[in-house]
Structure formats: structure tokens, C-alpha cells
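# Chains, contacts and geometry: an overview
One letter stands for each residue in the lines below.
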Amino acid sequence: MGYGQSSTHLDATFAALADPTRRAILARLASGEASVTELAEPFEISQPAISKHLKVLERAGLISRGHDAQRRPRRLEAKPLAEATVWLERYRRIWEANYRRLDALLDELRIQERKRGHSKPAVDLAAPGSTHSRARGSRAKTAKSPAPIKPTGEHR
Amino acid sequence: MKDTLKMTTGGDREIVMTRSLDAPRRLVFDAFTKPELVKRWLLGPDGWSMPVCEIDLRVGGRYRYVWRRDRDGTEMGMGGVFREVVVPERTVATEKFDEAWYSGEALVTTILVEREGKTVVTQTMMFDSRETRDAVMKSGMESGVARSYDRLEEMLASLPAQGVEKGSRK
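These remarks concern the structure in this document. (Residues numbered from 1 in each chain as written. Chains lettered and ligands numbered in written order. Predicted model: local features only at pLDDT ≥ 70, side-chain atom pairs only at ≥ 80, totals over all residues.)

When helices and strands are tallied, chain A shows 7 helices and 2 strands. N-terminal to C-terminal, the α/β element order of chain A is α-α-α-α-β-β-α-α-α. Looking at chain A residue by residue over its 156 residues, the buried ones come to 29%. In chain A, once contacts between residues fewer than 6 apart in sequence are set aside, the share between residues at least 24 apart is 57%. (Helix = DSSP H or I, 4+ residues; strand = E, 2+ residues; numbered from the N terminus. Buried ≥ 20, exposed ≤ 12 C-beta atoms within 10 Å, placed from the backbone. Contact = placed C-beta atoms within 7 Å.)

Further remarks concern helix α4 (residues 47–59) of chain A. Residues and elements named next belong to chain A. Under the 1.5 Å per step criterion, the end-to-end length of α4 is 18 Å for 13 residues, consistent within 8% with the ideal 18 Å. Turning to α4, its buried residues are H53, L54 and L57. End-on view of α4: buried residues confined to an arc of 100°, all on one side of the axis. Across α4 from its buried face, at more than 90 degrees, point the exposed residues P48, S51 and K55. (Expected span 1.5 Å × (residues − 1). Arc of directions from axis to C-beta.)

Here we come to the packing of helix α2 (residues 20–29) of chain A against α4 of chain A. All names here are of chain A. Where α2 meets α4, the axes come as close as 10 Å, and the angle between the chain directions of the two elements is 75°. In this view, α2 runs roughly perpendicular relative to α4, as classed from their interaxial angle. Only H53, V56 and L57 of α4 make contact with α2, whose side of the interface consists of T21, R22 and I25. Here the contact of α2 with α4 is built from residues that sort into 3 nonpolar, 2 polar and 1 charged. (Axes fitted to C-alpha atoms, helices over the stretch in contact; angles between N-to-C directions. Parallel < 35°, antiparallel > 145°, perpendicular 65-115°, else oblique. Nonpolar A, V, L, I, M, F, W, Y, C, P; charged D, E, K, R; others polar.)

Structure, rendered in C-alpha cells:
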């Protein structure tokens, strides 16, 4: 499947994306191709420095050169960026689901704590078989039952 | 209104996640470290439960998580060792999945900062090598590359100057 090549690409992609100037350059190129001079304009760094960043981006396959021999404009290459984005997106979706459940749990723990006063450890309050389902009803804010989990976004 | 998750890359081996939670830090720390609480939220995608959640919260102590997909009983296990434990503000732990879909470990640093009754959680996941991170990314890429292209295209299309096509800015 050509994984070796793909792996090298991803490695270079992430290294390239780690730098804020390079991310800014990509954001600029997302709105259209631009020459090195044009790309250097918004930054307070020299043109050679910009050229160095462009070389990194080019090696990562994130940008390529246009056909105009005079301006040699750079333009965005969408594919490697998309590959890195897939992984981050999948990871993010899993954690977003986790954090939504955590929001509901923390709401519940705070309500329980307020009822009993501050000193009790939170764990007692969430023990299996406790009456948390009734307590939660008093402030049904994100009102999502902790178990069973309702499918909210089927496609992952 | 709940906060949204922010996720960025840090360096070339790190993923950094930040999320604000509407609760004091000690409650959040409990929710991250007490099994009976962790089991109620750290479930991953919808449709999974967490039958095993053991946490020995001390330096050198181990933790072990097993998730099960309720639909077909598929299980996925993961565990590691705590390297640092500072109640209620910080943990550092190794992380390794049972399935050999990547070799080596990741090191996960979780930092909780309380501000005006709210807690900001910052989790940094550092892979032990570039090879590991690449392998992790490959595993994630098997699904939905095409969908991501679509999303990227939508994003590019929504930008004001649609000049990505060749020659459109000449």
C-alpha cells in the first residue's frame, strides 16, 4: 500500500505544521497562490527566512510551484494536509464525546456536593445505585443520561 | 454553554488538547482518577462501555482500561504506569494499547488549572518516536480519507477568495 512513503510524508507534514509561521503561510495560500514576495509581506522576517519555510512546506508536499516562470507562485496542495487532518479529526471526535459526558457528570457531582456540603468526597456521591438520576432532574441542563449512552453522531 | 475542545500539534511528536470544564479542580481531578467516575465518561465513541477500569494512583502505580463495544462484544484494552502524580493538579503517565497497532508508548501529561471555579484541562500526548506517531496516524487514516478531502474542500471553498484553481489570480 506504499505505507513507507506515506509515513515519511506524514512525518514531514506534522513537522511542517508545527511552526506558526508556516501555518500562517498555508492559511494565506488557502485563499490563492502567491509569490515569495507576496508571502513575505505580512511577516516581520526576511525573504530568505520565508524561503526557508517554503522549502520545508514544499518538502512536505504541502505546497507546490505554479507555472508562471517569472513570479514562481506557490500554491497549496490539499492532499497531505487532509491526511494529517483525518487523524486529528477522528481523535478529536472521540474526545469531544468524552468531554460531553464529563460535563454532565461534573454537573451532577456539583449538585450532589452542594446538597451534602463540601467536605464529602465526590466518589461517594456517584456510587452505583445512588439516586443521582433523580438529583440530575433538578437541573436538566445538558440532560444526557450517562448510561446507556445515546448515539448522537453515528458516522465516525 | 459548554466549551469546545481545542486540539493542536506541538513539536513534531505531540498532540495537545485543551478543554475548559465548569467545575472546581478537585472534582475534575476525581473524575479523571477515580475508577467509578472515569467509567462513566471515558468511553470513546458512542456505543462503547468500560467494563474494566483500575487505577493505582501513585508514582510507579499502574492503570488498566478495557472498553467493550456493546453491539458485538469487541474489546480494546490499554494501560500504563504513572510517572508523576500531584493531586489535584497534574499527572504524567505512559499509555500503551494492547493491540499491536503501534509499537512503543505515548507519554500523556494532564494538567488542571482552576480559574474562577472553572478548570482548564490540558493534555499533551507525546509519542516516543516519530515512527510511533506515524503508525498511529496511519491507523487513523484507514477510515474516511475521502470524507476529509470533502471537508477540506468545503473549508477552502468557504474562504472569501476562491483562488486555488490555477491561474485564477493572474
